[in-house]
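Here is how the chains run, residue by residue.
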Amino acid sequence: MVEKKLKVINKLGLHARPASLIVQSAMKFSSNITIFKDEYKIDAKSIMGLMMLAASTGTELLFCAEGPDEQDAIIKMEEIFNNGFGEEI
Amino acid sequence: MTADKTNIILTGVPASPGVAIGKVFLFEDDEFVFVEKAVPKNKIKEEVVRLQQAMAKTRTELQENQVDLGKMLGKNYAKIADAHMLILDDPMLNKEAVALINEGNNAEFAIYKVTEKITKSFDLINDEYFRERKHDIIDVSKKIMRHLLGKQKKTLADLDSASIVVAKNLTPADTVSMREAMVRGFATDTGGKTSHTALVAQSLEIPAVVGLKNITGQVSHGMSIIVDGNQGIVILNPSKETQENYKREHDIQIAQQKNLEKLKDLPATTIDGKEVMLGANIENPEEVRSVLKHGANGIGLYRSEFMYLTRKTLPTEEEHYNNYLKVAKMMMPYEVIIRTIDLGGDKISKLGLMNITQEANPFMGLRAIRLCLKYPDLFKTQLKGILRASVTGNVKIMYPMITQVEEIRQANEILNQAKAELRKEGKKFDEDVQVGAMIEVPSVAVITDIIAKEVDFLSIGTNDLIQYTMAVDRVNEDVAFLYDPLHPAILRLLKNIIESGHNAGKSVGMCGEMAGSPEFTIALLGLGLDEFSMSAIQIPKIKNVIRSVSMKDAKNLANELLKCNDRTEISRVIKRFKYR
């Protein structure tokens with residue numbers, strides 16, 4: 001299992017478009033990818049789960065990947081987050 | 001309520017400006033109905049297959065929608081269908097629905113229950129934007145349900161004459177099949193300013209009023225209706241007089257629209273050569289593009305509250321600075337007037353500010369400049385952010401809700417401290433940054449001559465000025481009629497404010513809704529207003545009015561209006577002026 005804390009850095013936070021981007025990227029991996037925030041535990045492949053987090057800019061999320069491509073999955077997630085989902089930071 | 005009663009006024013949230021008169025097309029949303037049925041063990045597998053087939057059909061439907069939506073509203077809106085596809089594929093929906101079927105429930109019940117559970121969690125979200133997204137989920141679930149039940153929904157494609165669409169709520173799936181030319185306006189029970197109905201109406205530039213609570217229960221097909229998206233009201237069974245008033249308003253709109261595109265790069269100048277500034281009101285930097293597109297030459301009101309409302313902690317100086325700098329740069333060389341926070345203590349206390357008590361009457365309580373003066377550090381942080389952004393040279397500061405001159409002096413004192421700190425920290429700012437006061441409390445509307453000596457400019461906030469002067473809450477439909485921008489008291493106050501400002505050599509602007517309503521433009525021009533600031537999409541309309549009149553006529557109208565004793569006389573003067 002691989003774990004990584006990732007921070008939402010784009011200005012508008014994790015709204016619908018970034019949520020879609022995360023789900024679409026997560027789906028490319030066969031590993032289970034789970035996100036933890038406060039009392040929430042959600043599946044990174046669930047758009048509704050991600051929206052429920054309502055994560056604003058500055059929020060830290062803990063990502064856990066488990067499966068054959070867990071390392072690559074986390075690297076990809078890290079890349080997406082550090083890039084501010086391709087939006088204004 | 002009897003069916004033949006005329007002029008039934010319903011108040012909602014103005015979601016898209018403009019006025020539309022027409023007949024009701026009652027868009028009946030098929031309720032989320034389901035039959036709860038136990039499924040015997042040996043049929044469970046079949047039931048799961050039935051659900052999967054319904055989902056596959058829904059997928060095909062969404063793919064078709066995606067293409068249509070893109071064609072109608074552009075690429076960004078096709079992303080709505082994208083999001084729907086992801087919801088359909090969401091493991092939360094799939095897994096939990098299948099689990100419920102495995103427990104012996106039918107597919108309809110499973111979808112209903114899962115949707116209910118998910119939307120309940122969405123209701124708990126603080127952020128309005130995310131909360132509104134639950135409609136996307138309900139929308140997808142309804143589609144699955146329809147395919148399970150094998151029903152065909154009556155869609156907005158069934159519209160056959162220009163109608164006002166009245167519905168509980170409109171979803172992307174509803175509006176995608178709508179033939180635009182057939183729709184004159186929207187009126188819905190639910191929704192806020194960021195709901196799908198509002199977004200579609202704005203992009204199609206048709207009026208919409210949302211959040212009317214129960215309009216669907218009060219109308220029937222074919223009923224006469226007026227949607228006034230400027231004021232956020234809907235009038236059912238309008239009387240002849242009301243229809244005439246609105247018809248006139250509507251005709252002006254149509255005539256204006258034809259000229260709007262040509263107006264973008266032309267100055268807001270009267271026939272006899274007096275130029276006024278038309279600015280836009282914004283809430284966040286994202287709106288600047290639309291501001292420029294509509295030909296604004298400045299931002300007359302940057303509401304800084306947005307930064308406080310979308311988060312759980314107070315914004316830092318750096319965050320203020322970045323936000324304002326972005327807007328200032330994008331707007332160069334036009335001016336940007338940043339209003340310091342205009343919030344009540346209730347909103348700020350959520351961000352961790354201590355010792356704020358519950359207020360019985362927040363509109364008359366600790367808010368705006370009063371709050372800032374009580375919590376100078378909160379204020380100074382914002383002022384430092386604004387000051388640093390002022391290096392671009394086009395930024396101005398405006399204090400809201402000034403009630404007495406001492407407040408300006410105290411606020412300037414804190415501003416000077418902020419400047420001193422920045423100098424010490426070696427951070428640059430515009431030493432000559434201009435400071436203005438909002439005139440929105442009747443007390444300062446009376447003593448504007450005193451206020452004008454202490455500031456560089458004035459801006460009239462008509463929404464509050466009218467509300468406080470008339471002692472009327474305009475969302476209260478029983479008294480909303482008292483909210484009258486042309487009331488003799490309001491006109492006299494406006495005259496006094498503008499004259500006092502000019503006597504002191506200061507420019508006077510207006511950033512309330514009155515500035516963006518074409519029906520008042522000429523009177524305001526006649527009173528001598530220098531700057532009009534409004535929602536960006538109103539700018540071409542206002543510019544058109546200004547370019548069609550002379551200052552001489554405008555002054556005459558203002559003088560005539562100032563002589564009126566009551567509403568009847570006012571209506572007569574306006575009518576006579578229109579047909580002069």
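Just so it is clear, the structure is predicted and the values come from calculations on it, not from any experiment. (Residues numbered from 1 in each chain as written. Chains lettered and ligands numbered in written order. Predicted model: local features only at pLDDT ≥ 70, side-chain atom pairs only at ≥ 80, totals over all residues.)

A. Representation of the overall build of chain A. The secondary structure content of chain A amounts to three helices and four strands. Seen in sequence order, chain A has helices and strands lined up from the N terminus as β-α-β-β-α-β-α. Here chain A holds 89 residues, and the buried ones make up 39% of them. Nonlocal contacts in chain A, meaning residues at least 24 apart in sequence, comprise 74% of its contacts between residues at least 6 apart. (Helix = DSSP H or I, 4+ residues; strand = E, 2+ residues; numbered from the N terminus. Buried ≥ 20, exposed ≤ 12 C-beta atoms within 10 Å, placed from the backbone. Contact = placed C-beta atoms within 7 Å.)

B. Spatial organisation of the pairing of strand β11 (residues 336-339) of chain B. Residues and elements named next belong to chain B. Side chains Val336 and Ile338 project from β11 onto one buried face, and the interleaved Ile337 and Arg339 project onto a second face that is buried too. By the bridge criterion, three bridges tie strand β10 (residues 299-303) to β11 in an arrangement that is parallel. Counterpart to Tyr302 in the pairing with β11 is Ile338. Both β11 and strand β12 (residues 395-399) contribute to a ladder of four bridges, which runs parallel. Considered in β12, the bridge of Arg339 is made with Met398. (Pairing = 2+ DSSP bridges.)

C. Focus on the sheet that holds strand β2 (residues 32-37) of chain A. Residues and elements named next belong to chain A. Here four strands make up an open sheet; going across it, the order is β1-β4-β2-β3 and the pairing antiparallel. In the strand order of this sheet, the two ends are held by β1 (2-7) and β3 (40-43), each with one partner. Geometrically, the sheet is characterised by an average inter-axis angle of 25° between neighbouring strands, direction not taken into account. Note: β1 against strand β4 (residues 60-66), six bridges, orientation antiparallel. Bridge pairing links Glu3 to Cys64 in β4. (Axes fitted to C-alpha atoms, helices over the stretch in contact; angles between N-to-C directions.)

D. Inspection of the nonpolar core at higher detail. In terms of nonpolar packing, the biggest core is built from 86 residues, with Ile299(B) and Ile402(B) touching the most fellow members. Ile402(B) has contacts with Ile369(B), Glu407(B), Ile408(B), Ala437(B), Met438(B), Val441(B), Val444(B) and Ile451(B), leaving out every residue within four places of it along the chain. Of all hydrophobic cores here, the second largest spans 52 residues; its members include Ile47(A), Leu50(A), Ala65(A) and Ile144(B). (Core = buried A, V, L, I, M, F, W, Y, C linked by C-beta atoms within 7 Å.)

E. Representation of the interface of chain A and chain B in the model. Contacts between chain A and chain B engage 15 residues on the former and 20 residues on the latter. Of all the secondary-structure elements, those providing two or more residues to the side of chain A that touches chain B are α1 (16-26) and α2 (47-53) of chain A.

F. Region of interest: the confidence of the model for chain B. The predicted model of chain B has a mean per-residue pLDDT of 87, with 88% of residues at 70 or higher. Both confidence scores are given for the complex: pTM 0.56, ipTM 0.82. (pLDDT = per-residue confidence, 0-100.)

G. Inspection of unusual backbone geometry at higher detail. In this structure, Pro333(B) follows Met332(B) across a cis peptide bond, with omega equal to 0°. Mapped onto the fold, Pro333(B) is located in the loop between α12 (317-331) and β11. A positive phi angle is found at Asp38(A), which is not glycine, with a value near 50°. Examined against the element boundaries, Asp38(A) turns out to sit in the loop between β2 and β3. Of note in this structure, Ala471(B) is not a glycine but carries a positive phi near 55°. In this structure, Ala471(B) sits in the loop between α19 (462-470) and α20 (488-503).

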